[in-house]
Amino acid sequence: MVIYSRDAEADRAFFRDVLGYPHVDAGGGWLIFKLPPAEIAVHPTDGPERHELFLMCDDVNASVQELTAKGVTFIQPVTDQGWGLMSILQLPGGGEVGLYEPRHERAHEL
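Residues numbered from 1 in each chain as written. Predicted model: local features only at pLDDT ≥ 70, side-chain atom pairs only at ≥ 80, totals over all residues. Heavy atoms only, no water.

**Let's talk about the pattern of salt bridges**
Tallying each qualifying case throughout the model produces 5 salt bridges. A salt bridge links D17 to R16, with the shortest nitrogen-to-oxygen separation between them at 2.7 Å. In this structure, D80 engages R103 in a salt bridge whose closest nitrogen and oxygen atoms are separated by 2.9 Å. Taken together, the residues span a long stretch of sequence, with D80 in strand β4 (residues 73-80) and R103 in the segment after β6 (96-102) at a distance of 23 residues. (Salt bridge = Lys/Arg side-chain N within 4 Å of Asp/Glu carboxyl O. Helix = DSSP H or I, 4+ residues; strand = E, 2+ residues; numbered from the N terminus.)

**Some thoughts on the pairing of β6**
Burial analysis of β6 places 6 of its 7 residues in the buried class, the great majority of the element. Linking two consecutive strands that pair antiparallel, namely strand β5 (residues 84-90) and β6, is a turn of 5 residues; a positive phi of about 105 degrees is found at G94 within it. (Buried < 20%, exposed > 50% of the residue type's maximum accessible area, 1.4 Å probe, protein only. Pairing = 2+ DSSP bridges.)

**Observations concerning helix α2 (residues 60-69)**
Taken together, the buried positions of α2 are occupied by V60, S63, V64 and L67. Considered in projection along α2, the buried side chains sweep an arc of 100 degrees and stay on one side of the axis. Those residues of α2 that are exposed and aimed more than 90 degrees away from the buried face are Q65 and A69. Considering only its buried residues, α2 is in contact with α1 (8-18), β4, β5 and β6. The N-capping residue of α2, defined by a side-chain oxygen 3.2 Å from the backbone nitrogen of N61, is D59. Two residues or fewer past α2, G71 is found with a positive phi of approximately 95 degrees. (Arc of directions from axis to C-beta. Contact = heavy atoms within 4.5 Å. Polar contact = N/O pair within 3.5 Å; in protein donor to acceptor, adjacent residues only side chain to side chain.)

**Considerations on α1**
Looking at α1, one finds that the buried residues are D11, R12, F14, F15 and V18. The inward-facing, buried residues of α1 abut β2 (31-33), α2 and β5. One or two residues past the end of α1 sits G20, with phi positive at roughly 70 degrees.

**Some details on a nonpolar patch on the surface**
On the surface, a cluster of nonpolar side chains totalling about 300 Å² of accessible area is made up of M1, I3 and L35. Mapped onto the secondary structure, L35 falls in the loop between β2 and β3 (54-56). (Patch = residues over 30% accessible without salt bridge, like charges linked within 9 Å, V, L, I, M, F, W, Y side chains within 5 Å. Areas by Shrake-Rupley, 256 points an atom, 1.4 Å probe, with all protein chains shown as cover.)

What follows is the structure, encoded as structure tokens:
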């Protein structure tokens, strides 16, 4: 996965310092992060094709509270989507990342 950012250094610092993801420096400050287990879903669309990044957590309300205390801005409150509870945070570079607590079986546990 690659995230394109208008402020890559700030977003790298966010994943390193705020989320605490382990990383390696591939050279010149290009950090490559170890991610938690991942899943992928494919949804139909009649509009333009796009991609979204969501980070899963066990308790979205607790995670929002913890990240807010670290200065993270959430641009959407926690909402119930049926399949899970979700919010959206803003990266320092301006991008958006979803945060959700699934209510469905987790594929990475297969």
